[in-house]
Amino acid sequence: PPLLPLLLLLPLGPAAPCSPRPNATRFVCTEPTLSTFPSGLPPTTLAISVEFTALATLQPTALAGLPRLQELHLSSNRLATLPEALLHPVPTLRVLDLTDNLLADLPAGIFAGTDHLRHLVLQGNRLRALQPAWFRHLPRLRWLNLAANTLAEVPPEVFRPLHSLRSLDLSRNRLASLAPGALAGLRALEQLDLEGNRLGTLPPAAFAPAPALRLLFLQDNELRALPAGIFVPLRHLRVLDLARNRLRALELPSRPSPGPALDLDISGNPWVCECPLLGLLRRAAPRLAATRDTLCASPARYRGQEVAAV
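What counts and what doesn't
- Residues numbered from 1 in each chain as written.
- Predicted model: local features only at pLDDT ≥ 70, side-chain atom pairs only at ≥ 80, totals over all residues.
- Heavy atoms only, no water.
- Pairing = 2+ DSSP bridges.
- Helix = DSSP H or I, 4+ residues; strand = E, 2+ residues; numbered from the N terminus.
- Buried < 20%, exposed > 50% of the residue type's maximum accessible area, 1.4 Å probe, protein only.
- pLDDT = per-residue confidence, 0-100.
- Contact = heavy atoms within 4.5 Å.
- Salt bridge = Lys/Arg side-chain N within 4 Å of Asp/Glu carboxyl O.

An unreviewed UniProt entry annotates the chain as PLIB inhibitor originating from Oceanodroma tethys.

This is the structure:
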């Protein structure tokens with residue numbers, strides 16, 4: 001009949017946004033109107049990216065039937081809660097990115113059964129407290145990003161199960177102090193970012209549990225003094241950023257010999273340019289960054305001069 005070809009060309013209604021393709025290994029959806037997690041993803045799926053959408057909830061069975069899934073990217077959505085059983089169907093998951101959602105808490109057992117997880121990103125949420133239960137089942141975790149939440153403390157021993165952790169980002173939270181033992185168990189840790197908190201003091205042995213540290217970021221805090229010897233355990237330290245605190249005197253790790261010079265930023269502090277500071281800088285011979293902003297506040301004869309020029 002003559003009408004048949006015409007009927008075949010007529011649209012059958014609007015297509016659902018981000019429809020899955022059979023046998024695909026990757027699924028990507030950045031449709032701003034998407035409010036329900038896509039169903040019908042093929043069991044061949046290895047990576048899912050559902051980002052910049054209106055997704056506000058996930059069902060406990062959202063990831064059922066995806067036994068090979070290795071990466072799950074859910075950044076920039078509107079997720080305020082997660083079901084405790086969400087990750088149970090995906091035991092091979094290696095990467096989980098939940099950046100920029102509305103999460104104020106996580107279920108205690110959310111990561112039970114995800115012992116292959118390597119990268120966990122929780123940056124830009126509303127987390128107020130860290131639960132030890134979250135980290136009990138993550139022996140292979142190498143990268144943990146908790147930046148830009150509202151954390152006020154790091155409970156002692158909370159990270160102890162994370163034997164493989166290499167990078168920990170706690171920047172831009174509300175940490176006013178670091179409890180003794182906060183870094184307990186992190187013997188493999190190489191990078192620690194505490195930038196942009198409210199740290200006024202540090203315990204003398206704060207970094208002793210993490211002797212492998214190579215990069216340490218403490219800029220934009222409220223540190224007034226550093227305990228004597230605080231950096232002595234850090235024999236591998238290569239980058240130390242203490243910029244824009246309230247420090248008047250400096251502590252540095254011993255320089256390994258032979259070994260590369262320490263990259264050091266101490267700009268934006270009110271330095272006392274007398275023998276202790278100047279002698280230490282000569283002995284340690286670090287590579288100073290931002291020398292034009294690294295100025296003496298006292299004594300009066302050096303006020304406003306670059307520390308490196310005194």
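Engineer: Help me understand the sheet that holds strand β13 (residues 287-288), please; the structure alone is not making it clear to me.
Structural biologist: Pairing between the strands of a sheet is mediated by backbone hydrogen bonds and can be parallel or antiparallel. If you walk across this open sheet you meet the twelve strands as β1-β2-β3-β4-β5-β6-β7-β8-β9-β10-β11-β13, and the pairing is parallel. Across the chains shown, the open sheet's two edge strands, defined by having one partner strand only, are β1 (26-29) and β13. Here strand β6 (residues 143-145) runs beside strand β7 (residues 167-169); their pairing, made up of three bridges, is parallel. Bridge pairing links N145 to D169 in β7.

Engineer: I tried to follow the pairing of strand β2 (residues 47-50) on my own but got confused; where do I start?
Structural biologist: Along any regular strand, the residues point their side chains to alternate faces of the sheet. Burial along β2 is two-sided: the residues A47 and S49 and I48 and V50 are all buried. As judged from the four bridges shared by β1 and β2, these two strands associate in the parallel manner. Pairing of F27 across the sheet is with I48, part of β2. The pairing of β2 with strand β3 (residues 71-73) spans three bridges and is parallel. Across the sheet, the residue bridging to S49 is H73, located in β3.

Engineer: Just to check I follow, could you spell out the confidence of the model for the chain for this structure?
Structural biologist: Atomic detail in the predicted coordinates should be set aside for any region of low pLDDT. Taken residue by residue, the chain gives an average pLDDT of 93. The fraction at 70 or more is 94%. When mean pLDDT is taken per element in the chain, β7 scores highest with 99 and helix α1 (residues 3-9) scores lowest with 43. Within the model, the stretch residues 1-15 combines pLDDT values under 50 with zero contacts to residues more than four positions away or in other chains.

Engineer: Looking at this structure, I do not really get the pattern of salt bridges. What am I missing?
Structural biologist: For side chains of opposite charge, pairing can occur when their charged atoms come near one another. Considering all chains together, one arrives at three salt bridges under this definition. In this structure, the salt-bridge partner of R160 is E157, at a minimum N-O distance of 2.3 Å. Notably, a salt bridge pairs D220 with R244, separated by 2.7 Å at the nearest N-O pair. Within this pair, whereas D220 is found in the loop between β9 (215-217) and β10 (239-241), its partner R244 is found in the loop between β10 and β11 (263-265), the two being separated by 24 residues in sequence. For D220, a relative accessible area of 29% puts it in the partly exposed group.

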